[in-house]
Amino acid sequence: MRTCARCVMNDASDNQIVFDENGYCNYCSDALAAKGDWYHPDEIGQAKINQLASRLKAEGHHKKYDCLMGLSGGLDSSYLAYLGSSQWGLRIAAVHVDDGYDTDISKENIRRLVDKTGIDLITIAPDPEQFNDLTLAYMKAGVPNLAVPQDNVLFATLYDFAKKNGIRHFLSGANYALECILQRGNTWNPYDKTNIMDIHRRFGAKPIDKLHFISDLERRIDAWTMKVETHAPLDWLDYNRDRAFAELHDYCGFEYYGRKHLENHLTAFIQLCWFPAKFGVDKRTSHLSSMIVSGQLTREEALRELEEPLYSEEYIAEAKRLICENTGISHAHLDGLIEAPGHQHDEYKVDRLVLFLKGAKRILKSG
């Protein structure tokens, strides 16, 4: 295994990583090269935030909402909802997908945040039997991104709500500070509806006609016809993980739930068990490397954190118990799925548009 000399990305499970003559990887090199155009934790960013808030209020003055966002209960979306509502004065509609895997801490954090901000929360609960059958189909397929059904249902709901309510401005919790580096190997586009349907056709046992999905083409058509604009305001401020947690705690009693994406038992299982056991992927390398690049951690601090256990046995046991209960399989069956050989998404039918865009991005990055 080779590890980057500047961040902590490595080639243990990623065929997309390359190193230069200094031992620096393409991920942190690309992120640093884009930093000046992407990340503005200064007066430029503050001006952008002021301009955006004024514009959204002006365009939404005759509507019920100024903008729309997804609210997972994690730090990024929660902090953005807090800032947008209490600091910038925006009337936000927040959509949350309750897939049956939210942690108790996450549920309470969402409740406290919504009560304090007065944000309108729209909670969507996918049909549990069908959603879990699709999730189990993904595990049987052995593909990396088990979160695709969860993500796609959320995006489909967001676009539907936007169309019904005439909203064309989306607030996104995506950000440079904590996400400027994301491993590109062992993942897949959540908008690949073709892949979803083929995996379910091969491995599903029940209908999924009560679930609503959106394809990449449908998303692009909707975005074009509605003139959708997606904004990532966390890129325009000094977004610091620890300070954000402390600020949310002081504001509404928001509680720390662990590392990134551990607000949901299913995403926690994917991050802590499925990825490392099946594909050798430790997602902490992406998250910690992003914080190195944004100046929140030193490389030495990140390496020390990587030496810590990936998870507590108690935590992962609870996640496994819930997955078994919801999907109706035994613990032995789940362990067998984890231990079985992994497969990539493109071993099944895929959306040709997704493949084309994936290839185009690779060509642009290489040249």
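Going by the structure above, here's the rest.
Bear in mind that the values here come from a model prediction, so they are computed numbers and not experimental data. (Residues numbered from 1 in each chain as written. Predicted model: local features only at pLDDT ≥ 70, side-chain atom pairs only at ≥ 80, totals over all residues. Heavy atoms only, no water.)

Student: Explain the overall build of the protein chain residue by residue, including any values.
Tutor: Counting its regular elements, the protein chain contains 16 helices and five strands. Relative to its length of 367 residues, the protein chain is compact, with a C-alpha radius of gyration of 20 Å against a globular reference of 21 Å. Along the first, second and third principal axes, the C-alpha atoms of the protein chain reach 55 × 55 × 40 Å. Looking at the protein chain residue by residue over its 367 residues, the buried ones come to 53%. Considering only residue pairs separated by 6 or more positions, the protein chain has 80% of its internal contacts joining residues 24 or more positions apart. When the accessible surface of the protein chain is split by element, carbon and sulfur atoms take 52% of a total near 16,800 Å². Counting 43 positive and 53 negative side-chain charges, the protein chain places the averaged centre of each group 5 Å from the other. (Helix = DSSP H or I, 4+ residues; strand = E, 2+ residues; numbered from the N terminus. Rg over C-alpha atoms; globule rule 2.2 N^0.38 Å. Buried < 20%, exposed > 50% of the residue type's maximum accessible area, 1.4 Å probe, protein only. Contact = heavy atoms within 4.5 Å. Areas by Shrake-Rupley, 256 points an atom, 1.4 Å probe, with all protein chains shown as cover. Lys, Arg positive; Asp, Glu negative; His and termini not counted. Charge placed at Lys NZ, Arg CZ, Asp CG, Glu CD.)

Student: Run through helix H12 (residues 284-293), naming residues and quoting values.
Tutor: Most of H12 sits out of view: ten of its ten residues are buried. Residues of H12 that are buried include every one of Arg284, Thr285, Ser286, His287, Leu288, Ser289, Ser290, Met291, Ile292 and Val293, and no others. Buried residues along H12 sit in contact with helix H1 (26-38), helix H7 (176-179), helix H10 (241-252), helix H11 (265-279) and helix H13 (299-306). The first or second residue beyond H12 is Gly295, which carries a positive phi of 85°.

Student: Which residues make up unusual backbone geometry, and what values do they have?
Tutor: Phi is positive for Asn186, which is not a glycine, with a value near 55°. With respect to the secondary-structure elements, Asn186 resides in the loop between H7 and helix H8 (193-203). Not every positive phi belongs to a glycine, and Lys227 is a case in point at roughly 55°. Judged by its relative accessible area of 58%, Lys227 falls in the exposed class.

Student: Give a description of the side chain of Ser290 that names residues and reports values.
Tutor: Here Ser290 lies in helix H12. Polar contacts involving the side chain of Ser290 include one to the main-chain amide nitrogen of Ile181, which spans 2.9 Å. Aside from chain neighbours lying at most four places away, what touches Ser290 is Ala177, Leu178, Glu179, Cys180 and Ile181. (Polar contact = N/O pair within 3.5 Å; in protein donor to acceptor, adjacent residues only side chain to side chain.)

Student: Any chance you could break down the sheet that holds strand S5 (residues 229-231) for me, citing the residues and the numbers?
Tutor: The strands making up a sheet associate through hydrogen bonds between their backbones, and the pairing can be parallel or antiparallel. Read across the sheet, five strands follow the order S3-S2-S1-S4-S5 without closing on themselves; strand pairing throughout is parallel. Every other strand in the sheet has two partners, leaving strand S3 (120-124) and S5 as the edge strands with one partner each. With strand direction ignored, the average angle separating the axes of adjacent strands in the sheet is 25°. Relative to S5, strand S4 (residues 169-171) runs parallel, the two being bridged by three bridges. (Pairing = 2+ DSSP bridges. Axes fitted to C-alpha atoms, helices over the stretch in contact; angles between N-to-C directions.)

Student: Residues and numbers for the nonpolar core, please.
Tutor: If you look at the biggest cluster of nonpolar residues, it comprises 113 residues, and the most contacted ones within it are Cys25, Leu68, Tyr79, Met139, Leu171, Tyr239 and Phe269. Here this core takes nine residues from H11, the largest share from any one element. (Core = buried A, V, L, I, M, F, W, Y, C linked by side-chain atoms within 4.5 Å.)

Student: Can you tell me about the environment of Glu229, naming the residues and giving the values?
Tutor: Looking at where Glu229 falls in the secondary structure, it is placed in strand S5. Along the chain, Glu229 and Ala33 lie 196 residues apart, while their C-alpha atoms are 25 Å from each other. Not counting the four nearest positions on each side in its chain, Glu229 is found in contact with Arg55, Arg168, His169 and Phe170. A distance of 2.4 Å separates a polar atom in the side chain of Glu229 from a polar atom in the side chain of Arg55.

Student: Could you give an account of the pairing of strand S2 (residues 92-97), with specific residues and numbers?
Tutor: Burial within S2 is extensive, with six of its six residues counted as buried. The two faces of S2 match: Ile92, Ala94 and His96 on one face and Ala93, Val95 and Val97 on the other face are all buried. Relative to S2, strand S1 (residues 67-70) is paired through four bridges, and the arrangement is parallel. Note on S2: the bridge partner recorded for Met69 is Ala94. Assessed by its sense of winding, the connection that carries the chain from S1 through helix H3 (residues 75-87) to S2 is right-handed. The pairing of S2 with S3 spans five bridges and is classified as parallel. By the bridge assignment for S3, Val97 is matched with Ile124. (Right-handed = clockwise from strand over helix to strand, strands pointing away.)

Student: Lay out the packing of H3 against H10 in plain terms, naming residues and giving numbers.
Tutor: Between H3 and H10, the shortest axis-to-axis distance is 10 Å and the interhelical angle comes to 55°. By the angle between their axes, H3 is oblique relative to H10. Regarding H3 and H10, the two cross each other, and that crossing is left-handed. Along the contact surface, H3 presents Leu75, Ser78, Tyr79, Tyr82 and Ser86, while H10 presents Arg241, Ala244, Phe245, Glu247, Leu248 and Tyr251. (Parallel < 35°, antiparallel > 145°, perpendicular 65-115°, else oblique. Left-handed = near helix turned anticlockwise from the far one by under 90°.)

Student: Outline the packing of helix H5 (residues 128-141) against helix H14 (residues 313-327), supporting the account with residue identities and numerical values.
Tutor: With their axes 9 Å apart at the nearest point, H5 and H14 run at an angle of 115° to one another. Seen from above, H5 lies across H14 with left-handed handedness. Between H5, through Asn132, Leu136 and Met139, and H14, the contact on the second element is made entirely by Ile323, Asn326 and Thr327.

Student: Quick rundown of the pattern of salt bridges? Include the residues and the values.
Tutor: Throughout the structure, instances matching the rule amount to 25 salt bridges. One salt bridge connects Glu255 with Arg112, and the closest N-O pair in it is separated by 3.7 Å. Residue Glu255 is located in the loop between H10 and H11, and its partner Arg112 is located in helix H4 (residues 104-117); the two are separated by 143 residues in the primary sequence. One salt-bridge network, in which partners are shared between bridges, spans Glu108, Arg111, Arg112, Asp115 and Glu255. (Salt bridge = Lys/Arg side-chain N within 4 Å of Asp/Glu carboxyl O.)

Spatial relationships are all this shows, so hold off on functional conclusions.
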